[in-house]
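Summary of structural features
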Amino acid sequence: MLTDSGLETTLIFHEGHDLPLFAAYPLMETAEGRQALARYYRRHMIIATDHETGFLLEAPTWRASRDWGAQLGHRPEDLARLNRAAIGFLSDLRGAAHAVRPVVISGNIGPRGDGYQPDTAMSAAEAEDYHAEQIDWFAETDADLVTAVTLSTVAEGVGVIRAAARFGLPVVVSYTVETDGHLPDGTPLGRAFEQTDDQTDAAAAYFMVNCAHPDHFRRALDCDEGWLERIGGIRANASRLSHAELDEAEELDAGDPDELARDYAELRRLLPNLTVLGGCCGTDHRHVEAIAASCAASAIA
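Scoring rules and cut-offs
Residues numbered from 1 in each chain as written. Predicted model: local features only at pLDDT ≥ 70, side-chain atom pairs only at ≥ 80, totals over all residues. Heavy atoms only, no water. Buried < 20%, exposed > 50% of the residue type's maximum accessible area, 1.4 Å probe, protein only. Helix = DSSP H or I, 4+ residues; strand = E, 2+ residues; numbered from the N terminus. Pairing = 2+ DSSP bridges. Contact = heavy atoms within 4.5 Å. Polar contact = N/O pair within 3.5 Å; in protein donor to acceptor, adjacent residues only side chain to side chain. Expected span 1.5 Å × (residues − 1). Phe/Tyr/Trp six-rings, centres within 6.5 Å; stacked < 30°, edge-to-face > 60°. Lys NZ or Arg CZ within 6 Å of the ring centre and 35° of its normal.

Before going further, it helps to spend a moment on the pairing of strand β7 (residues 231-236). Along β7, 6 of the 6 residues are buried, which leaves the element largely enclosed by surrounding structure. Sheet topology note: the strand β6 (residues 206-210)/β7 ladder contains 4 bridges and is parallel. Looking at the pairing, V209 lines up with I234 of β7. Note that β7 and strand β8 (residues 276-279) share 4 bridges and pair parallel. Among the inter-strand pairings, I234 is bridged to a residue of β8, identified as L277.

This is how it looks when you write it as C-alpha coordinates:
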(Lines give C-alpha, C1' and ligand atoms only; values in the text may rest on other atoms or scores of the structure.)
Protein backbone atom coordinates (compact mmCIF):
# COMPACT_ATOMS: atom_id res chain seq x y z
CA MET A 1 0.00 0.00 0.00
CA LEU A 2 1.38 3.36 -1.02
CA THR A 3 0.81 6.67 0.70
CA ASP A 4 1.81 10.22 -0.11
CA SER A 5 5.10 12.07 0.31
CA GLY A 6 6.21 15.32 1.94
CA LEU A 7 2.94 17.25 1.78
CA GLU A 8 4.14 20.43 3.43
CA THR A 9 7.55 20.62 1.75
CA THR A 10 5.93 19.97 -1.64
CA LEU A 11 3.36 22.71 -1.15
CA ILE A 12 5.91 25.21 0.16
CA PHE A 13 8.94 24.62 -2.06
CA HIS A 14 7.38 23.31 -5.27
CA GLU A 15 4.05 25.11 -5.35
CA GLY A 16 4.79 28.31 -3.48
CA HIS A 17 2.19 28.07 -0.74
CA ASP A 18 2.75 29.89 2.53
CA LEU A 19 2.18 27.44 5.39
CA PRO A 20 2.81 29.17 8.73
CA LEU A 21 3.99 26.73 11.41
CA PHE A 22 4.19 24.05 8.68
CA ALA A 23 0.40 23.68 8.89
CA ALA A 24 -1.46 22.46 5.80
CA TYR A 25 -4.93 22.16 7.31
CA PRO A 26 -5.82 25.89 6.82
CA LEU A 27 -5.88 25.16 3.07
CA MET A 28 -9.23 23.50 3.72
CA GLU A 29 -10.75 26.97 4.21
CA THR A 30 -10.44 28.12 0.59
CA ALA A 31 -11.41 26.69 -2.78
CA GLU A 32 -7.88 27.33 -4.02
CA GLY A 33 -6.39 25.49 -1.06
CA ARG A 34 -8.68 22.50 -1.51
CA GLN A 35 -7.81 22.36 -5.19
CA ALA A 36 -4.10 22.32 -4.36
CA LEU A 37 -4.62 19.47 -1.93
CA ALA A 38 -6.75 17.53 -4.42
CA ARG A 39 -4.05 17.83 -7.11
CA TYR A 40 -1.45 16.64 -4.63
CA TYR A 41 -3.36 13.55 -3.50
CA ARG A 42 -4.57 12.59 -6.99
CA ARG A 43 -1.01 12.78 -8.34
CA HIS A 44 0.00 10.15 -5.79
CA MET A 45 -3.08 8.00 -6.28
CA ILE A 46 -2.30 7.74 -9.99
CA ILE A 47 0.95 6.03 -8.97
CA ALA A 48 -1.06 3.52 -6.93
CA THR A 49 -3.26 2.90 -9.97
CA ASP A 50 -0.24 2.35 -12.20
CA HIS A 51 1.32 -0.12 -9.77
CA GLU A 52 -1.94 -1.78 -8.73
CA THR A 53 -1.51 -1.07 -5.04
CA GLY A 54 -3.85 0.21 -2.38
CA PHE A 55 -3.51 3.74 -1.04
CA LEU A 56 -3.47 5.27 2.43
CA LEU A 57 -4.94 8.78 2.39
CA GLU A 58 -3.43 10.78 5.26
CA ALA A 59 -5.41 13.86 6.25
CA PRO A 60 -3.60 17.24 6.09
CA THR A 61 -4.21 17.66 9.83
CA TRP A 62 -0.76 17.16 11.35
CA ARG A 63 -0.89 20.60 13.00
CA ALA A 64 -4.66 20.70 13.58
CA SER A 65 -4.60 20.22 17.34
CA ARG A 66 -5.38 22.71 20.11
CA ASP A 67 -1.95 24.21 20.87
CA TRP A 68 -0.85 24.63 17.26
CA GLY A 69 -4.29 25.79 16.18
CA ALA A 70 -4.29 28.49 18.86
CA GLN A 71 -1.07 29.91 17.43
CA LEU A 72 -2.81 30.15 14.06
CA GLY A 73 -5.86 31.87 15.54
CA HIS A 74 -8.17 28.86 15.50
CA ARG A 75 -10.49 28.07 18.38
CA PRO A 76 -11.40 24.48 19.29
CA GLU A 77 -14.68 24.78 17.41
CA ASP A 78 -12.76 25.93 14.31
CA LEU A 79 -10.40 22.99 14.63
CA ALA A 80 -13.27 20.54 15.06
CA ARG A 81 -14.82 21.83 11.84
CA LEU A 82 -11.56 21.75 9.89
CA ASN A 83 -10.56 18.27 11.07
CA ARG A 84 -13.95 16.89 10.10
CA ALA A 85 -13.88 18.73 6.79
CA ALA A 86 -10.46 17.25 6.00
CA ILE A 87 -11.75 13.72 6.45
CA GLY A 88 -14.86 14.50 4.41
CA PHE A 89 -12.60 15.85 1.68
CA LEU A 90 -10.60 12.61 1.64
CA SER A 91 -13.81 10.59 1.66
CA ASP A 92 -14.85 12.35 -1.54
CA LEU A 93 -11.46 11.59 -3.09
CA ARG A 94 -11.87 7.95 -2.14
CA GLY A 95 -15.32 7.83 -3.68
CA ALA A 96 -13.96 9.08 -6.99
CA ALA A 97 -10.92 6.77 -7.03
CA HIS A 98 -12.53 3.82 -8.74
CA ALA A 99 -9.23 2.38 -10.02
CA VAL A 100 -7.53 2.20 -6.60
CA ARG A 101 -8.49 -0.43 -4.05
CA PRO A 102 -8.37 -0.43 -1.15
CA VAL A 103 -8.26 3.25 -0.17
CA VAL A 104 -7.87 3.75 3.58
CA ILE A 105 -8.47 7.12 5.27
CA SER A 106 -6.25 8.10 8.20
CA GLY A 107 -6.76 10.97 10.60
CA ASN A 108 -3.24 12.31 10.88
CA ILE A 109 -2.04 13.88 14.12
CA GLY A 110 1.31 15.33 15.07
CA PRO A 111 3.22 15.94 18.28
CA ARG A 112 2.05 18.56 20.74
CA GLY A 113 5.44 20.24 20.50
CA ASP A 114 8.25 20.35 17.98
CA GLY A 115 8.59 16.92 16.39
CA TYR A 116 12.36 17.30 16.32
CA GLN A 117 12.62 18.13 20.01
CA PRO A 118 11.14 16.41 23.08
CA ASP A 119 10.32 19.96 24.16
CA THR A 120 6.82 19.37 25.46
CA ALA A 121 7.53 16.76 28.10
CA MET A 122 4.20 15.11 28.90
CA SER A 123 3.30 12.08 30.88
CA ALA A 124 1.32 9.42 29.01
CA ALA A 125 -1.82 10.59 30.84
CA GLU A 126 -1.26 14.19 29.76
CA ALA A 127 -0.66 13.10 26.18
CA GLU A 128 -3.82 11.01 26.24
CA ASP A 129 -5.92 13.95 27.41
CA TYR A 130 -4.38 16.32 24.86
CA HIS A 131 -4.71 14.09 21.79
CA ALA A 132 -8.13 12.70 22.74
CA GLU A 133 -9.71 15.96 21.59
CA GLN A 134 -8.54 15.63 17.99
CA ILE A 135 -9.17 11.89 17.92
CA ASP A 136 -12.72 12.55 19.13
CA TRP A 137 -13.26 14.78 16.09
CA PHE A 138 -12.02 12.00 13.82
CA ALA A 139 -14.26 9.44 15.50
CA GLU A 140 -17.30 11.28 14.11
CA THR A 141 -16.09 10.97 10.51
CA ASP A 142 -15.23 8.36 7.86
CA ALA A 143 -11.67 8.00 9.22
CA ASP A 144 -10.66 4.33 9.27
CA LEU A 145 -7.76 4.84 11.66
CA VAL A 146 -5.59 7.44 13.37
CA THR A 147 -1.90 7.85 12.59
CA ALA A 148 0.40 9.88 14.85
CA VAL A 149 3.66 10.82 13.14
CA THR A 150 6.96 12.45 14.06
CA LEU A 151 6.63 11.61 17.75
CA SER A 152 9.80 11.96 19.81
CA THR A 153 8.88 10.34 23.14
CA VAL A 154 7.38 7.02 24.17
CA ALA A 155 5.06 8.76 26.62
CA GLU A 156 3.37 10.66 23.82
CA GLY A 157 3.03 7.53 21.71
CA VAL A 158 1.47 5.67 24.63
CA GLY A 159 -0.92 8.56 25.24
CA VAL A 160 -2.06 8.60 21.62
CA ILE A 161 -2.73 4.87 21.64
CA ARG A 162 -4.75 5.07 24.85
CA ALA A 163 -6.72 8.03 23.50
CA ALA A 164 -7.59 6.17 20.30
CA ALA A 165 -8.76 3.21 22.36
CA ARG A 166 -11.31 5.47 24.05
CA PHE A 167 -13.06 5.95 20.72
CA GLY A 168 -12.53 2.50 19.27
CA LEU A 169 -10.28 3.67 16.43
CA PRO A 170 -7.32 1.62 15.18
CA VAL A 171 -4.12 3.56 15.71
CA VAL A 172 -0.62 3.72 14.25
CA VAL A 173 2.31 5.42 15.97
CA SER A 174 5.34 6.64 14.06
CA TYR A 175 8.52 7.73 15.82
CA THR A 176 11.24 9.89 14.34
CA VAL A 177 14.93 9.37 15.03
CA GLU A 178 18.14 11.34 14.96
CA THR A 179 21.13 10.33 12.83
CA ASP A 180 22.15 7.77 15.50
CA GLY A 181 18.88 5.81 15.25
CA HIS A 182 17.65 7.06 18.63
CA LEU A 183 14.53 9.09 19.30
CA PRO A 184 15.22 12.79 20.00
CA ASP A 185 14.92 12.05 23.73
CA GLY A 186 17.71 9.45 23.42
CA THR A 187 15.62 6.26 23.47
CA PRO A 188 16.88 3.59 21.03
CA LEU A 189 14.31 2.90 18.32
CA GLY A 190 13.74 -0.75 19.18
CA ARG A 191 13.37 0.01 22.86
CA ALA A 192 10.79 2.69 22.03
CA PHE A 193 8.64 0.15 20.21
CA GLU A 194 9.03 -2.40 23.00
CA GLN A 195 8.19 0.09 25.75
CA THR A 196 5.17 1.37 23.84
CA ASP A 197 3.84 -2.15 23.36
CA ASP A 198 4.52 -3.03 27.01
CA GLN A 199 2.56 -0.02 28.26
CA THR A 200 -0.41 -0.47 25.90
CA ASP A 201 -0.75 -4.27 25.65
CA ALA A 202 0.47 -4.01 22.04
CA ALA A 203 -2.68 -2.10 21.09
CA ALA A 204 -1.20 -0.24 18.11
CA ALA A 205 -2.08 -1.73 14.75
CA TYR A 206 1.56 -1.31 13.77
CA PHE A 207 4.45 1.13 14.11
CA MET A 208 6.19 3.36 11.62
CA VAL A 209 9.37 5.40 11.28
CA ASN A 210 9.19 8.80 9.62
CA CYS A 211 11.05 12.06 9.06
CA ALA A 212 14.51 10.46 8.97
CA HIS A 213 16.65 9.15 6.13
CA PRO A 214 17.03 5.32 6.00
CA ASP A 215 20.75 5.79 6.74
CA HIS A 216 19.75 7.17 10.14
CA PHE A 217 17.95 4.02 11.30
CA ARG A 218 19.25 1.22 9.07
CA ARG A 219 21.83 0.08 11.67
CA ALA A 220 19.13 -0.11 14.34
CA LEU A 221 17.42 -2.78 12.24
CA ASP A 222 20.54 -4.99 12.20
CA CYS A 223 19.23 -7.43 14.77
CA ASP A 224 16.96 -10.41 15.19
CA GLU A 225 14.38 -8.91 17.53
CA GLY A 226 10.63 -9.36 17.60
CA TRP A 227 9.94 -5.63 17.38
CA LEU A 228 11.08 -5.66 13.75
CA GLU A 229 7.80 -7.41 12.94
CA ARG A 230 5.86 -4.48 14.40
CA ILE A 231 7.12 -2.00 11.78
CA GLY A 232 4.43 -1.74 9.13
CA GLY A 233 5.28 1.56 7.47
CA ILE A 234 8.14 3.86 6.49
CA ARG A 235 7.93 7.51 5.48
CA ALA A 236 11.56 8.56 5.12
CA ASN A 237 13.11 11.92 4.37
CA ALA A 238 14.80 12.54 1.03
CA SER A 239 17.74 14.20 2.77
CA ARG A 240 20.49 12.76 4.93
CA LEU A 241 20.66 16.02 6.90
CA SER A 242 20.04 15.94 10.63
CA HIS A 243 16.92 17.50 12.10
CA ALA A 244 18.96 20.50 13.27
CA GLU A 245 20.39 20.98 9.78
CA LEU A 246 16.95 20.67 8.17
CA ASP A 247 15.60 23.31 10.54
CA GLU A 248 18.23 25.76 9.35
CA ALA A 249 18.12 24.88 5.64
CA GLU A 250 16.75 27.59 3.34
CA GLU A 251 16.58 25.36 0.27
CA LEU A 252 14.91 22.00 -0.19
CA ASP A 253 17.16 18.94 -0.28
CA ALA A 254 15.27 16.48 -2.49
CA GLY A 255 18.04 13.88 -2.45
CA ASP A 256 18.04 11.20 -5.13
CA PRO A 257 14.67 9.47 -5.71
CA ASP A 258 16.25 6.36 -7.24
CA GLU A 259 18.74 5.98 -4.43
CA LEU A 260 15.99 6.37 -1.83
CA ALA A 261 13.93 3.78 -3.69
CA ARG A 262 16.79 1.28 -3.47
CA ASP A 263 16.95 1.95 0.27
CA TYR A 264 13.26 1.10 0.54
CA ALA A 265 13.73 -2.15 -1.35
CA GLU A 266 16.42 -3.10 1.20
CA LEU A 267 14.13 -2.13 4.08
CA ARG A 268 11.44 -4.42 2.71
CA ARG A 269 13.89 -7.30 2.87
CA LEU A 270 14.72 -6.47 6.50
CA LEU A 271 11.18 -5.83 7.72
CA PRO A 272 8.80 -8.73 7.08
CA ASN A 273 5.60 -6.75 7.66
CA LEU A 274 6.53 -3.51 5.92
CA THR A 275 3.56 -2.72 3.68
CA VAL A 276 2.89 1.04 3.85
CA LEU A 277 5.40 3.01 1.78
CA GLY A 278 5.57 6.76 1.36
CA GLY A 279 7.78 9.77 1.98
CA CYS A 280 8.31 12.65 4.36
CA CYS A 281 10.24 15.94 4.20
CA GLY A 282 11.78 16.69 0.81
CA THR A 283 10.06 13.84 -1.01
CA ASP A 284 7.37 14.28 -3.65
CA HIS A 285 5.50 12.12 -6.14
CA ARG A 286 8.76 11.32 -7.99
CA HIS A 287 10.14 9.59 -4.92
CA VAL A 288 6.93 7.60 -4.37
CA GLU A 289 6.96 6.56 -8.04
CA ALA A 290 10.55 5.37 -7.75
CA ILE A 291 9.81 3.55 -4.48
CA ALA A 292 6.83 1.77 -6.00
CA ALA A 293 8.82 0.68 -9.04
CA SER A 294 11.86 -0.44 -7.03
CA CYS A 295 9.86 -2.42 -4.49
CA ALA A 296 7.80 -4.08 -7.20
CA ALA A 297 10.98 -5.11 -9.01
CA SER A 298 12.56 -6.45 -5.82
CA ALA A 299 9.42 -8.45 -5.04
CA ILE A 300 9.53 -10.08 -8.47
CA ALA A 301 13.24 -10.82 -8.06
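Position of D258 among the secondary structure elements: in helix α10 (residues 257-270). In the structure, D258 is positioned 17 residues away from T275 in sequence and 19 Å away in space, judged by C-alpha atoms.

Another aspect to go through is the environment of Q134. Within the secondary structure, Q134 sits in helix α5 (residues 124-139). With 51 residues separating them in the primary sequence, Q134 and N83 have C-alpha atoms 7.7 Å apart. Excluding anything up to four places from it in sequence, Q134 contacts T61, A64, S65, N83, N108 and I109. A distance of 3.2 Å separates a polar atom in the side chain of Q134 from the backbone oxygen of A64.

Before going further, it helps to examine helix α6 (residues 154-166). End to end, α6 covers 19 Å across 13 residues, agreeing with the expected 18 Å (1.5 Å per residue, within 8%). Taken together, the buried positions of α6 are V154, E156, G157, V158, G159, V160, I161, A163 and A164. Contact partners of the buried residues in α6: β3 (103-109), α5, β4 (145-151), β5 (171-175) and α7 (189-200). G168 sits one or two positions beyond α6 and adopts a positive phi of about 70 degrees.

Quick look at unusual backbone geometry now. The omega torsion across R101 and P102 is -5 degrees, close enough to zero to call that bond cis. Tracing the sequence through the fold places P102 in the loop between α4 (76-96) and β3. Of note, L21 is a non-glycine position whose phi angle comes to about 60 degrees, a positive value. With respect to the helices, strands and loops of the structure, L21 is situated in the loop between α1 (7-14) and α2 (31-51). Despite not being glycine, T150 has its phi angle at roughly 60 degrees, a positive value.

The full count for this structure, using the stated rule, is 6 aromatic pairs. Centre to centre, the rings of F22 and W62 are 6.4 Å apart; their planes meet at 75 degrees, and the pair counts as edge-to-face. Taken together, the residues span a long stretch of sequence, with F22 in the loop between α1 and α2 and W62 in the loop between β2 (55-58) and α3 (66-71) at a distance of 40 residues. Aromatic ring contacts, followed pair by pair, group Y175, F193, F207 and W227 into a single cluster. The ring of W68 carries R63 above its face, with NZ or CZ at 3.5 Å from the centroid.

Treat this as a map of the structure, not an account of what it does.
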